[in-house]
Amino acid sequence: MILTLAFRNLFHDRIRLAVTLVGILFSIVLVAIQLGMYLGSSQMITSMIERSKSDLWITAFGAKSFEEGGILLTSRERHQALATPGVKAVVPLVVAFAEWRKPEGGSTRVVLVGTDAEDGALEPWSLVAGTWQDIKSPDAISADDTYFRELGINGIGDTAQIAMGRVKVKALTHRIRSFTQSPYVFTTLSRARSLLGADSDKATFYLVQLEPGANVEAVRHELRTRLEGAEVLTKDEFRDRSLRQWLFRTGAGLALIGGALLGILVGTVIVAQTLYSSTKDHLNEFATLRALGSSSGYIYKVILAQAGLSAVIGYILGILISLGILYISRNTPLPLVMTPGLAGALFGLTLFMSAVSAISAIIKVTRIDPAMVFNR
Amino acid sequence: MTTPVLEAVNVVKELGKGAGKVQALKGVNLALVKGELTLLMGPSGSGKTTLLSILGCILTPTSGIVRVEGEEVAGKNAEELAELRRKHIGFIFQSYNLFPTLSALENVRIALDVIGRKGYQAALRAEEVLREVGLGNRLKNYPSNLSGGEQQRVAVARAIAASPSVVLADEPTAALDSENGHAVMALLARIAKEQNRSVLAVTHDPRTLGYADRVVRIEDGLIVGEERRPQGLDAPEITDLTKRRKANA
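Residues numbered from 1 in each chain as written. Chains lettered and ligands numbered in written order. Predicted model: local features only at pLDDT ≥ 70, side-chain atom pairs only at ≥ 80, totals over all residues. Heavy atoms only, no water.

Engineer: Got a sec to walk through the overall build of chain B? Specific residues and values, please.
Structural biologist: For chain B, the count of helices and strands is seven helices and 10 strands. Over its C-alpha atoms chain B spans a radius of gyration of 18 Å, differing by no more than 12% from the 18 Å that the globule rule assigns to 249 residues. Projected onto its principal axes, the C-alpha positions of chain B cover 55 × 40 × 35 Å. Across the 249 residues that make up chain B, the buried fraction comes to 55%. For chain B, contacts bridging at least 24 residues in sequence account for 70% of all contacts bridging at least 6. Within the structure as shown, chain B displays about 10200 Å² of accessible surface, and the carbon and sulfur contribution to it stands at 48%. Across chain B, the 32 positively charged side chains and the 29 negatively charged ones have centroids separated by 3 Å. (Helix = DSSP H or I, 4+ residues; strand = E, 2+ residues; numbered from the N terminus. Rg over C-alpha atoms; globule rule 2.2 N^0.38 Å. Buried < 20%, exposed > 50% of the residue type's maximum accessible area, 1.4 Å probe, protein only. Contact = heavy atoms within 4.5 Å. Areas by Shrake-Rupley, 256 points an atom, 1.4 Å probe, with all protein chains shown as cover. Lys, Arg positive; Asp, Glu negative; His and termini not counted. Charge placed at Lys NZ, Arg CZ, Asp CG, Glu CD.)

Engineer: An account of the sheet that holds strand E9 (residues 214-219) of chain B is needed here, citing residue identities and associated values.
Structural biologist: Residue and element names in this part refer to chain B. What the six strands build is an open sheet, ordered E6-E7-E8-E3-E9-E10; its pairing is mixed. Since the sheet does not close on itself, it has two edges, and those belong to strand E6 (89-92) and strand E10 (222-228), each with one partner. Recorded for the sheet is a direction-independent mean angle of 20° between the axes of neighbouring strands. Pairing of E6 with strand E7 (residues 166-170), which is carried by four bridges, proceeds in the parallel orientation. Its bridge partner lying in E7, Ile89 is registered against Val166. Across the face of the sheet, helix H2 (residues 78-88) comes into contact with E6 and E7 while running at roughly 85° to E6. Along the sheet face, helix H5 (residues 148-161) touches E6 and E7 and points at about 170° away from the line of E6. (Pairing = 2+ DSSP bridges. Axes fitted to C-alpha atoms, helices over the stretch in contact; angles between N-to-C directions.)

Engineer: Which residues make up the sheet that holds strand E4 (residues 63-68) of chain B, and what are the values?
Structural biologist: Residues and elements named next belong to chain B. Ordered in space as E2-E1-E4-E5, the four strands form an open sheet in which the pairing is antiparallel. Two strands bound the open sheet, and with one partner strand each, they are strand E2 (22-32) and strand E5 (71-72). Inspection of the sheet shows strand E1 (residues 6-15) paired to E2 by eight bridges, in the antiparallel sense. Looking across to E2, one finds that Val11 is bridged to Val28. Against the sheet, helix H1 (residues 48-55) engages E1, E2 and E4, with an angle of about 55° to E2.

Engineer: Residue-level account of the layout of surface pockets, with values.
Structural biologist: Residue and element names in this part refer to chain A. If you add up the space inside the largest pocket, you get close to 280 Å³. Lining the largest pocket are 14 residues, and of these Gln43, Arg175, Arg177, Pro335 and Val337 lie nearest its centre. The residue makeup of the lining of the largest pocket, split by class, is six nonpolar, five polar and three charged. (1 Å grid on protein atoms, 1.4 Å probe; cavity = no way out; pocket = protein on both sides within 12 Å on 5 of 7 lines; lining within 4 Å. Points joined across faces, edges and corners; volume = space filled by probe spheres on them. Nonpolar A, V, L, I, M, F, W, Y, C, P; charged D, E, K, R; others polar.)

Engineer: Lay out the pairing of strand E7 (residues 165-173) of chain A in plain terms, naming residues and giving numbers.
Structural biologist: Side chains on a regular strand alternate between the two faces of the sheet. Residue and element names in this part refer to chain A. Summarising the sheet, strand E4 (residues 127-129) and E7 pair through two bridges and their orientation is antiparallel. Each residue of the ladder has a partner; that of Leu127, found in E7, is Thr173. Strand direction decides the pairing type here: strand E5 (residues 140-144) and E7, joined by five bridges, are parallel. Each bridged residue has a counterpart across the sheet, and for Ala143 the counterpart in E7 is Leu172. Pairing analysis gives four bridges linking strand E6 (residues 159-162) to E7, with the strands arranged antiparallel. Its bridge partner being in E7, Gln161 is matched across the sheet by Arg166. As consecutive antiparallel partners, E6 and E7 are separated by two residues, and within that stretch Ala163 has a phi angle of approximately 45°, a positive value.

Engineer: Explain the environment of Phe286(A) residue by residue, including any values.
Structural biologist: Residue and element names in this part refer to chain A. By the secondary structure assignment, Phe286 is in helix H10 (residues 283-291). Here Phe286 falls in the buried class, since its relative accessible area comes to 1%. For the pair Phe286 and Arg239, spaced 47 residues apart in the sequence, the C-alpha separation amounts to 54 Å. Residues within four places of Phe286 in sequence aside, it is in contact with Asn9, Thr279, Ile299, Val302, Ile303, Gln306, Val365 and Ile368.

Engineer: Can you tell me about the nonpolar core, naming the residues and giving the values?
Structural biologist: With 77 residues, the main nonpolar core has Leu289(A) and Leu168(B) as its most contacted residues. By residue number, the principal contributor to this core is helix H11 (residues 296-329) of chain A, which donates 10 residues. Apart from residues no more than four positions distant in its own chain, Leu289(A) is found in contact with Leu5(A), Ser294(A), Tyr298(A), Ile299(A), Phe99(B), Ile110(B) and Val114(B). Among the nonpolar cores identified, the runner-up in size contains 42 residues, and Tyr96(B), Ala155(B), Leu176(B) and Tyr211(B) belong to it. (Core = buried A, V, L, I, M, F, W, Y, C linked by side-chain atoms within 4.5 Å.)

Engineer: Run through the interface of chain B and chain A, naming residues and quoting values.
Structural biologist: Listed per partner, the contact involves 28 residues of chain B and 23 residues of chain A. By the criterion of area lost to chain A, the three top residues of chain B are Phe99(B), Thr101(B) and Val114(B), representing 22% of everything that side buries. Taken together, the links from chain B to chain A amount to two salt bridges. Here Arg8(A) and Glu106(B) are joined by a salt bridge, their closest N and O atoms 2.6 Å apart. Taken together, the links from chain B to chain A amount to 10 residue pairs in polar contact (both at pLDDT 80 or more). Put simply, the parts of the chain that give the side of chain B that touches chain A at least two residues each are H1, H2 and helix H3 (104-114) of chain B. (Buried area = accessible area lost by both parts, 1.4 Å probe. Salt bridge = Lys/Arg side-chain N within 4 Å of Asp/Glu carboxyl O. Polar contact = N/O pair within 3.5 Å; in protein donor to acceptor, adjacent residues only side chain to side chain.)

Engineer: An account of a nonpolar patch on the surface is needed here, citing residue identities and associated values.
Structural biologist: Residue and element names in this part refer to chain A. A contiguous nonpolar surface patch, about 410 Å² in accessible area, is contributed by Val312, Ile316, Leu320, Leu323 and Leu351. For the nonpolar patch, the leading source of residues is H11, giving four residues. For Leu320, the position within the fold is in helix H11. On the basis of relative accessibility, which here comes to 54%, the residue Leu320 falls in the exposed class. (Patch = residues over 30% accessible without salt bridge, like charges linked within 9 Å, V, L, I, M, F, W, Y side chains within 5 Å.)

Engineer: Let's hear about the pattern of salt bridges: which residues, and what values?
Structural biologist: Taken as a whole and assessed by the stated rule, the structure comprises 27 salt bridges over all chains. A salt bridge links Arg220(A) to Glu217(A), with the shortest nitrogen-to-oxygen separation between them at 3.4 Å. With Arg220(A) and Glu217(A) both in helix H7 (residues 216-226) and three residues apart, this pair spans about one turn of that helix. Across the pair Arg214(B) and Glu36(B) runs a salt bridge whose closest N-O atoms are separated by 3.8 Å. Highlighted residues: Arg214(B) in strand E9 and Glu36(B) in the loop between E2 and strand E3 (37-41), separated in sequence by 178 residues. Comparing Arg214(B) with Glu36(B) shows no difference in burial state: the two are buried. Here the salt bridges share partners, and the residues they tie into one network are Glu50(A), Asp236(A), Arg239(A) and Asp240(A).

Engineer: How would you summarise the environment of Arg214(B) if you had to cite specific residues and measurements?
Structural biologist: For Arg214(B), a relative accessible area of 5% gives the class buried. Leave out the neighbours within four places in its chain, and Arg214(B) touches Leu30(B), Ala31(B), Leu32(B), Glu36(B), Leu37(B), Thr38(B), Leu39(B), Glu226(B), Glu227(B), Arg228(B) and Arg229(B).

Listed below in structure tokens is the structure:
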């Protein structure tokens, strides 16, 4: 009967129910968008690191992120790393921001990634046109089809200039997005060095692959001892460092989290206000229940059930709208991401928000004098 | 001598604070026994509703003793008082106090739900008591679709559903026309007699006198008179109602 009464109380006043649901829905959509952007941004920031097949990353000291490593490492560090027990391979990677001159004039900034896919540490993925062999051909690069407009190109065969040299689009990736909004452009290691004017033994990172059974911590410790001017990070550490740099040092992540908190606050206030007014309207009924001998707990359950029902209905509507927005955003440079974990967390958040909203109503009910049933 | 199911001994109740403090009850003694319909009559402001609230464990007395089925009320907190009400007391209110969003059947079921009786058995019991009060054909109706008399009969069914030993009614006929008023009083008298419960009804209504076994008069916070009336169940309306019930059945 608790659920029945809660349901009827809710649906008795449909306008108030609509206001409650809009409050929850607004809150869910806002939080889903903010956290979806946060997740989407996180994925973009860490996609290269996550895709790499490496146990450890050697970076120049103080490298802030994947895009900001500098081209400072030399073959000396590579040879020292290769001589370390437990190390199977040390694969160089060149990554740097570079100017992209569009074929029709104007320029933009790209992140040039120089890698040798044969080394098995990092290679372009989601290739929808062309192959790695095409990227290896003279002057070839791969571009991402999401950024055609920014790059001023239309597809395979277009030419442009990166920093110091002419390049030709020979392969296309699909939806490899960049948080910095500077598109990723893949090419071979040597061509990247050449375009950027770097020496042939220079690298931004060395991706370390270990012998089977090697102890990661022990190898890392040994590498740190040998490589005094460089840092040796695990994949997780480098991923976290990149996230910190782009999401927190730039304030972008705080803005997203702030937006999500605002959504929660607004939703809680709206739901609390409508629940309170609903409880006030049904105060005589709650007093009657109390006179009939119901415990306080029984009445709290009715109010919490009202809050819970509002939460469930509001969540379903909110998540449907959020999924719609997610779908629309899938081809934009900043796609939103929804994971089962986030959907579950949003549901938990909605229930929590509704339960908190019920507090004011519960306080009101706690003060009910059952004697009021005789005064009507 | 019959043991009282509900008893007030020298009950005093002060309301308000400071200069506004008034003594609503000034030492009331009253004992209710099973099988009787007692009317509590008195002018407005005489303390009828205050006494009803204290007997119903909704208010606690300033001093004096209240016992429900031999259990003393003094010192109990709000939850313990609610438990006493759940176990022993059924209420009928002047304005029915039905839940407008619940059907007649659900209004009775919720009283059972409160005491922990749930599910199919509770639904059967709710239906049974609604049939007892002559509303077997109105189970699914909402209060807004019931007449005042029918609503008060739902309230009576709700009050007796959990089989309390005491039923307390606050002005049960005040909002009803003559015919419905008689019907409800007949029902209360029958509940007292046939179900062996103690029924106390606070009333101003002289039409109700014919149904009472006992009439207690209160004035200015004191019991000023008491009379026993032998007619009880023989009142003509009760006989009519019994006949109607049999005809319905």
